[in-house]
Amino acid sequence: MSKTLIKLTDIDKSFGAASVLRKVSLQLDEGEIHCLAGENGSGKSTLIKIISGVYRHDAGRIELGGRHYPTLRPIDAIREGVQVIYQDFSLFPNLTVAENLALSDQVESGRAWVSWQRVEAIARESLALIGVDMDTSRLVEELPVSGKQLVAIARAVYCNARVIIMDEPTTTLTDREIASLFALIRRLKERGIATLFVSHKMREMLDITERITILRNGEKVAEGRTEDFDEAGITRAMTGRDIRSDRYVWNGVRSDPVLELRDFTRTGDFQGLNLSLYKGEIVGITGLLGSGRTELAETLFGLRNTRERPGGEKNSGKILRNGREIKVRSVSDAIAEGIAYVPEDRLTEGIFAEQPIERNLFANSYPRFKNALGLLDRAKLRELSSALIRAYNVVASNLKLPIRTLSGGNQQKVMLARWISTGAEVLLLNGPTVGVDVGARFEIYRKLREIAAGGVGILLFSDELQELISNCNRIFVINRGRFTHELDTGALQEDELSALLGLSLEEAIQ
Amino acid sequence: MNTLSKNRLFQRNEFWLLCLLIVLSLTVGAVNGAFWSANNLFSLFKSTIVTGIFALGVFLVIVSGGIDISFPAFAVFSFYITVKFLLSIKYTGTILLPFLMSMTFGACLGLVNALLLSSFQLAPLIVTLGTGSAVTGFLRAFVGTATLSNLPQPLIDFSRWNIYKKTLADGSIVSFSGAFLILLVLAILIHVMMKRTTLGRGIYAIGGDEVAAKRVGFNVKRLRLFVYSFTGALAGIAGIIHCSLIRLANPRDLEGAEMEVIAAVVLGGASLTGGKGSVAGTLLGVALIVLIKGSLILVGVPSDWQKVVIGLVLITATGLTAWRSRRSDEGGRA
């Protein structure tokens, strides 16, 4: 019988009039790998902050390590071994790995002087605890994301963690890095350390966790052993509705492609790509990180310069739009040719986070709203913006608010509206649902189909296989810069596609 | 550890600064032999004292993630009031009181900076721009605008304090100012503080990531109070030394000194985004600026061109650092 580390019973929490958590219970035992699932705004983050003592609960009972805490302070949570690994890791980029690992001990022990031998010893010990070897003299800013995560985990374990809470730990990791993270979590489990995983990625939930607790609108809607759940069940619990994932069927005719690539080559990135995209098609392009997937998307939108690299193959081939050869040397070329792009990293490349929603909506189309004097026609802007917001189902209280106040899914819808309203005929989407929760995800899929039905050709660059299979009518697999397979999605199964990609997650772990 | 530091020698900013310093000295010396005369070298060292102490303070502030441009104003305020007060009581005691007084004025003004910063969450550039200007104005409006050339005796004695003094055959005197020792002691003190104490590591930590520093358990507010007061105190010390060495208390002195000092600190490898830099680098940066300013005359470069050269060196040196770090970033990703 394993010990219970965290026991929350009937927790209530509200901020002012808004009730965020209602009678939520959660139990976590020693060595358990538990997933806390839920859409954005379901109360996951609030619950974590209550467990770590950052927020006070209004009602209910908190027991950590068997002890009842009427008011839990952050220091109590830390003493009970609760360690939160934040999405930004909370590390010092300018300090070495060793110092990052040793600093909290240094402060806590109240030492005035720093012994660098001691720092190094603590660093070695911390890394040994999680069975990882790393150059401790490197600056943290020089490490890849996965390395930073390891440092954060090592620090947590060294601080006598009994429960490690990870907030969306896999968002920015490659598949291989995810596999080794999972292996590490399993090693920690053997030492009795429990992990509370906050995620909305299905595959991971089903893969690594033993128990799942699902929140929706501040209430616990499901809880149980992972093997009793399947994807559909989790989705239903998270969103509260049945979302059918019927496949996209394209009934158009293969004539006059809106976009055509002929022997398209960019030195060092991809070679000899041939592709025809027809009106109303949604064509998926998938491949591992570094396969040329993102490079192709960015080249088509003019984000990569067409200068040739010395010593490489020559850039060659053609891009045809509606049968006419075009050159895309810059983003403005692409836009002028009716090509639109929604980037992978929406936050840094796509949106103007602090700017109002309305300005984000029209960022690329202000010239169209000139009145006779060459000034902006405010009335026309207002009219169109509210029409677009309705058409794209964006949930926003006020269009004057900064776009960062919207959820990821709603931001993505604004991005789509921005491009389609400019009359683009070719839409390039790169990882359109990264960081978007399930409910909003399906709305985006529905919108994509509507856009395609309106005669737009869509290229969907993604590594989420289920997303590709259910939303594309064709999929190209790219590997080392070449298309290796062209597949019809009619009867395609996820494991077939996965095998072609050579990225079966189980394999990578072993 | 040793092998690592060896491998990294060539990556270190300090190494390249030292090379630049040597190359520049050799070039100037080759063009004009007078460069290597004791007289010239000693006067160069003397010029580093005040800029150097200012730079140590600015270094601290920049490492903590802030910036301070009020320090010349604080320095002038501190030494002018100190001198005026000492003259009024006809002070003849030791040099300790003038130093303590000027330092305390500086520290108090620095504390004002820190309090304004933390209570209103303002940008340090704006706060220190404001306090600097206010203090300068206050001094001239209420304390006086007269240049005082009859300093109290202890300050005159201090300016005559030399570690080395020799009368040459032609009757000229070469001397090495003892005030240089103060710069040296302060530099060692701050170096040890930054490298070996929790306080110093805390300053690096808040410059790296303030939120993370809070989570680790640092008292960010208190650290910031310390940094700005300490910088103010250093400004007070630099001020009284400056006034003693030039034997003049001029309330219009040191205007525009902040740019040169910040240039030296940045040249020394401190990053304006915080969390990076070293005392050794700072001193090398100061040496480079002083060398350029003091030696271009010797090679026949007109004085107006000094500013051009300093500007170019600053842009080139920081540009090189940025370029190197970007390149190593790309190397890390591949």
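## Section: the overall build of chain B
Then, in step 1: Within chain B one finds 14 helices and two strands.
Then, in step 2: Relative to the globule expectation of 20 Å for 334 residues, the C-alpha radius of gyration of chain B, 21 Å, shows essentially globular dimensions.
Then, in step 3: Considered along the principal axes of its C-alpha atoms, chain B spans approximately 65 × 55 × 35 Å.
Then, in step 4: Out of the 334 residues belonging to chain B, those deemed buried represent 47%.

## Focus: the overall build of chain A
Then, in step 1: Assigned secondary structure in chain A consists of 18 helices and 20 strands.
Then, in step 2: C-alpha atoms of chain A, sized along the principal axes, occupy 70 × 55 × 50 Å.
Then, in step 3: Classification of the 510 residues of chain A by burial places 53% in the buried group.
Then, in step 4: Total accessible area on chain A is roughly 22700 Å²; 48% of this is exposed by carbon and sulfur atoms.
Then, in step 5: Once the 67 positive and 69 negative side-chain charges of chain A are each reduced to a mean point, those two points are 5 Å apart.

## What about the packing of helix 4 (residues 71–88) of chain B against helix 6 (residues 124–143) of chain B?
Residue and element names in this part refer to chain B.
Then, in step 1: Interaxial distance between helix 4 and helix 6 falls to 8 Å at its minimum, and their mutual angle equals 25°. Accordingly, the angle class assigned to the pair helix 4 and helix 6 is roughly parallel. Taken as a pair, helix 4 and helix 6 cross one another with a handedness that is left-handed. Contact residues: Ala73, Phe74, Val76, Phe77, Tyr80, Ile81 and Lys84 in helix 4; Thr131, Gly132, Val135, Thr136, Phe138, Leu139 and Val143 in helix 6.
Then, in step 2: Taken together, the residues of the contact of helix 4 with helix 6 sort by class into 10 nonpolar, three polar and one charged.

## Side note on the interface of chain A and chain B
It is common to give the size of an interface as the accessible area lost on bringing the parts into contact.
Then, in step 1: In this assembly, 26 residues from chain A lie in contact with 20 residues from chain B.
Then, in step 2: Here chain A and chain B share an interface that buries about 2000 Å² over both sides, 55% of which is from carbon and sulfur atoms.
Then, in step 3: Between lysine 276 of chain B and glutamate 141 of chain A there is a salt bridge, with the nearest N and O atoms lying 2.4 Å from each other.
Then, in step 4: At the junction of chain A with chain B, the criterion picks out 10 residue pairs in polar contact (both at pLDDT 80 or more).
Then, in step 5: Element by element, the count of residues in the side of chain A that touches chain B is highest for helix 3 (residues 97–108) of chain A, at five residues.

## Overview of the sheet that holds strand 10 (residues 219–225) of chain A
All names here are of chain A.
Then, in step 1: If you trace the six strands from one edge of the open sheet to the other, you get 6-7-8-3-9-10, paired in mixed fashion. Since the sheet does not close on itself, it has two edges, and those belong to strand 6 (82–85) and strand 10, each with one partner. Shown here is a sheet whose adjacent strand axes are inclined to one another by a mean of 20°, direction ignored.
Then, in step 2: Bridge count between strand 3 (residues 33–38) and strand 8 (residues 194–199): five bridges; the pairing is parallel. By the bridge assignment, histidine 34 is partnered in strand 8 with leucine 196.
Then, in step 3: Each of strand 3, strand 9 (211–216) and strand 10 touches helix 8 (residues 231–239); the most contacted strand, strand 9, lies at about 30° to it.

## Overview of the packing of aromatic side chains
Then, in step 1: Counted according to the given criterion, the structure contains 22 aromatic pairs over all chains.
Then, in step 2: Plain terms: the ring middles of phenylalanine 138 of chain B and phenylalanine 142 of chain B are 5.0 Å apart, the flat faces sit at 40° to each other, and that makes the pair tilted. Linking phenylalanine 138 of chain B with phenylalanine 142 of chain B, this pair stays in helix 6, spanning four residues, or about one helical turn.
Then, in step 3: Judged by relative accessible area, which is 41%, phenylalanine 138 of chain B ranks as partly exposed.
Then, in step 4: Looking at phenylalanine 142 of chain B, the relative accessible area reads 63%, which means it is exposed.
Then, in step 5: Here the aromatic residues Phe42, Phe45, Tyr164, Phe176 and Phe180 of chain B are joined through ring pairs into a cluster of three or more.
Then, in step 6: Its end group placed over the ring of tyrosine 86 of chain A, arginine 215 of chain B keeps NZ or CZ at 3.6 Å from the ring centre.

## A short note on the domain arrangement of chain A
Then, in step 1: As assigned here, chain A comprises domain 1 (4–239) and domain 2 (259–347 + 424–509).
Then, in step 2: The C-alpha-based centres of domain 1 of chain A and domain 2 of chain A are spaced at 35 Å.

## A word on unusual backbone geometry
Residues and elements named next belong to chain A.
Then, in step 1: The phi dihedral of aspartate 10 falls on the positive side, at around 50°, and the residue is not glycine.
Then, in step 2: When you line up the elements, aspartate 10 lands in strand 1 (residues 4–15).
Then, in step 3: Positive phi is not limited to glycine here, since aspartate 263 has a value of about 45°.
Then, in step 4: Note that aspartate 263 resides in strand 11 (residues 259–266).
Then, in step 5: Exposure remark for aspartate 263: the relative accessible area of 45% places this residue in the partly exposed category.

## Concerning the confidence of the model for chain B
Then, in step 1: Confidence along chain B averages 89 in pLDDT terms, with 93% of residues attaining 70 or more.
Then, in step 2: Contacts of residues 330–334 of chain B to residues separated by more than four positions or lying in other chains number zero contacts, the stretch itself having pLDDT below 50.

## Quick look at the environment of phenylalanine 461 of chain A
All names here are of chain A.
Then, in step 1: As for its placement among the helices and strands, phenylalanine 461 is situated in strand 18 (residues 457–461).
Then, in step 2: Judged by its relative accessible area of 0%, phenylalanine 461 is buried.
Then, in step 3: Separated by 120 residues in sequence, phenylalanine 461 and tyrosine 341 place their C-alpha atoms 11 Å apart.
Then, in step 4: Apart from residues no more than four positions distant in its own chain, phenylalanine 461 is found in contact with Ile285, Arg293, Leu296, Ala297, Leu428, Leu429, Asn430, Gly431 and Pro432.

Rules behind the numbers
Residues numbered from 1 in each chain as written. Chains lettered and ligands numbered in written order. Predicted model: local features only at pLDDT ≥ 70, side-chain atom pairs only at ≥ 80, totals over all residues. Heavy atoms only, no water. Helix = DSSP H or I, 4+ residues; strand = E, 2+ residues; numbered from the N terminus. Rg over C-alpha atoms; globule rule 2.2 N^0.38 Å. Buried < 20%, exposed > 50% of the residue type's maximum accessible area, 1.4 Å probe, protein only. Areas by Shrake-Rupley, 256 points an atom, 1.4 Å probe, with all protein chains shown as cover. Lys, Arg positive; Asp, Glu negative; His and termini not counted. Charge placed at Lys NZ, Arg CZ, Asp CG, Glu CD. Axes fitted to C-alpha atoms, helices over the stretch in contact; angles between N-to-C directions. Parallel < 35°, antiparallel > 145°, perpendicular 65-115°, else oblique. Left-handed = near helix turned anticlockwise from the far one by under 90°. Contact = heavy atoms within 4.5 Å. Nonpolar A, V, L, I, M, F, W, Y, C, P; charged D, E, K, R; others polar. Buried area = accessible area lost by both parts, 1.4 Å probe. Salt bridge = Lys/Arg side-chain N within 4 Å of Asp/Glu carboxyl O. Polar contact = N/O pair within 3.5 Å; in protein donor to acceptor, adjacent residues only side chain to side chain. Pairing = 2+ DSSP bridges. Phe/Tyr/Trp six-rings, centres within 6.5 Å; stacked < 30°, edge-to-face > 60°. Lys NZ or Arg CZ within 6 Å of the ring centre and 35° of its normal. Domains from an automatic or database assignment. pLDDT = per-residue confidence, 0-100.

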